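So the chains spell out like this:
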Amino acid sequence: MHDVIIIGKGPAGISAALYTARANLKTLIIGRDDSVLRKAEKIENYYGFSDVISGEFLLREGEQQALRVGAQIVDDEVVTIEKKDFFEVVTSEERFIAKAVLVATGQPQKKVRVENLESFEGRGVSYCTTCDGFFYNNLKVGVLGFKDFAVHEAIELESYTSNITIYTNGKELELTEKSHEECQRFSINVKPIEKIDGSEFLQRIYFTDGTSEELDGLFVAFESASSVDFARKLGIITEGNAVVVDKNQQTNLEGLFAAGDCTGGFKQISTAVGQGALAGKRIIEYVRSL
Ligand SMILES: Cc1cc2nc3c(=O)[nH]c(=O)nc-3n(C[C@H](O)[C@H](O)[C@H](O)COP(=O)(O)OP(=O)(O)OC[C@H]3O[C@@H](n4cnc5c(N)ncnc54)[C@H](O)[C@@H]3O)c2cc1C
C-alpha cells in the first residue's frame, strides 16, 4: 500500500511529491507526458531563472527531482478512483491502494462536440456509469470514447446490460494491450457522429455517412478521465469545472486532495506549485494521523 498516490505529473503533482517523499511517505505519482506546460515554449514569470526557460525543461527537471527524493513514477492513465477502507486508484493495467490521494490532473478540457449532447443530459446522456448505469438495465447503451477510460466505463456498464457499443466518433482506438483484449467483447463503431436525437429521451444516434442506430443511453468517456469525472463518481463538490478545496487543498472527501489547474482560479505554474506544496504538507499530517 502507498501512503499517497498523486495523479498528474505537472507542477502541482510533482511539487506535492517533493514534500511527501522527503517526509518518507511512500509516494506514487501516476501521469502522462501531456501536461499543458509542455506547450509553453517561453516562460519568464517563474521564480529563479534569469534566462527564459521552456515548459518542457521544467517538466523534465521536476520529474528528475521527484525521483531523486524517492517518489515512484508510473506512466499510465487513471480511469477511476474508488473509496473503500482506503483509496483504490485504477489504471487500465493495475489497481493501486493508498491512504491519501491527490488529484493534480490539470484543467479539464471540453472533450467532444456532438449535436444535441448537452440537450439530452439527464435524458439519455450521462457522464457517470456509477451514478446512472442502473437506469439502463437491459437497454442498449453506448460509451463515447476511444481510450482506456471508455473501455473501463463499458466494463462497469456490463453489470446492467450486455448490449454495449463503444462509439469513437471517428477516432482510432488508443488502448493498452489489456484494454484492447477487454474491448473485444463490445461492439465498436468508429464512424464520425453527426448528432443524437429523440423526443423526451434519447432514441437514436446518427452518423455522418447517413446511417443511424437506436440507442437508449450514451455515456460520455471521451479522452482521459478528468478531475470532474473522478469528482462525479466520488461525490466530490465541484463548481463548474473546478474541484472545490479548503485552504489546505482538502476536498469534501476525507483523504482526497486536489491542487493546480483542476481547482480553477489563477492557472499558473507558481500557483500550481504553491498548492501542491500546501497539499503535500497537509497530506503528511493526514497520513501520520491515521
Ligand atoms: C501554451 C501555454 C503557455 C503557458 N505559459 C505559462 C507561463 O508562461 N507561465 C506560467 O506560470 N504558466 C503558464 N501556463 C500555465 C501552466 O502550464 C499551468 O498552469 C500548469 O501547467 C498547471 O499545472 P498542473 O500540475 O495543475 O496541471 P498540468 O500541468 O496540466 O498537469 C496535469 C497532469 O495530469 C495528468 N493527467 C490528467 N488526467 C490524467 C489521468 N486520467 N490519469 C493520469 N494522469 C492524468 C497529465 O498527464 C499531466 O501529467 C501556460 C499554459 C499553456 C497552455
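Residues numbered from 1 in each chain as written. Predicted model: local features only at pLDDT ≥ 70, side-chain atom pairs only at ≥ 80, totals over all residues.

Peer 1: What should I look at first to understand the packing of helix H1 (residues 11-22) against helix H7 (residues 269-289) in this one?
Peer 2: In a packed pair of helices, the relevant descriptors are the angle between the two axes and the axis-to-axis distance. Closest axis-to-axis distance for the H1/H7 pair is 7 Å, and the angle between their directions is 35°. Every pair of crossing elements has a handedness; the one defined by H1 and H7 is right-handed. Facing H1, whose interface residues are Pro-11, Ala-12, Gly-13, Ile-14, Ser-15, Ala-16, Leu-18, Tyr-19 and Thr-20, H7 presents Ile-269, Ala-272, Val-273, Gln-275, Gly-276, Ala-277, Ala-279, Gly-280, Lys-281, Ile-283 and Ile-284. Per-class residue counts for the contact of H1 with H7 are 13 nonpolar, six polar and one charged. (Axes fitted to C-alpha atoms, helices over the stretch in contact; angles between N-to-C directions. Helix = DSSP H or I, 4+ residues; strand = E, 2+ residues; numbered from the N terminus. Left-handed = near helix turned anticlockwise from the far one by under 90°. Contact = placed C-beta atoms within 7 Å. Nonpolar A, V, L, I, M, F, W, Y, C, P; charged D, E, K, R; others polar.)

Peer 1: Before we go on, may I ask you to explain the nonpolar core in this structure?
Peer 2: Nonpolar side chains tend to gather and get buried jointly when the protein is soluble and globular. In terms of nonpolar packing, the biggest core is built from 77 residues, with Ile-5, Ile-7, Ala-16, Val-101 and Leu-102 touching the most fellow members. Looking at which element gives the most residues to this core, the answer is H7, with eight residues. Structurally, this core is a two-domain feature, drawing no fewer than three residues from each of domain 1 (2-109 + 226-289) and domain 2 (118-220). Residues within four places of Ile-7 in sequence aside, it is in contact with Ile-30, Gly-31, Val-78, Val-89, Val-101, Leu-102, Val-103, Ala-104 and Thr-105. (Core = buried A, V, L, I, M, F, W, Y, C linked by C-beta atoms within 7 Å. Buried ≥ 20, exposed ≤ 12 C-beta atoms within 10 Å, placed from the backbone. Domains from an automatic or database assignment.)

Peer 1: I'm lost on the site of the ligand in this one. Help?
Peer 2: Around the ligand there are 33 residues in total, and Gly-8, Gly-10, Ser-35, Gly-106 and Gly-260 lie nearest to it. At the level of secondary structure, the elements contributing two or more residues to the shell around the ligand comprise H1, strand E2 (27-31) and H7. Looking at the shell around the ligand, its residues break down into 14 nonpolar, 12 polar and seven charged. (Near = placed C-beta within 6 Å.)

Peer 1: Would you explain the sheet that holds strand E12 (residues 202-207) in this entry?
Peer 2: Taken together, the three strands give an open sheet; going across it, the order is E11-E12-E13, and neighbouring strands pair in antiparallel fashion. Bordering the open sheet on either side are strand E11 (193-198) and strand E13 (212-214), each of which pairs with just one other strand. Pairs of neighbouring strands in the sheet enclose a mean axial angle of 20°, with direction left out of account. By the bridge criterion, three bridges tie E12 to E13 in an arrangement that is antiparallel. (Pairing = 2+ DSSP bridges.)

Peer 1: Help me out: how do you make sense of the sheet that holds strand E8 (residues 141-144) in this one?
Peer 2: Adjacent strands of a sheet pair through backbone hydrogen bonds, lying either parallel or antiparallel. Reading across from one edge, E7-E14-E8-E9-E10 is the order of the five strands in this open sheet, with parallel pairing throughout. Among the strands making up the open sheet, the edge pair consists of strand E7 (125-126) and strand E10 (187-189). Looking at chain direction, strand E9 (residues 164-167) and E10 are connected through three bridges and run parallel. Across the sheet, residue Tyr-167 finds its bridge partner in E10, namely Asn-189.

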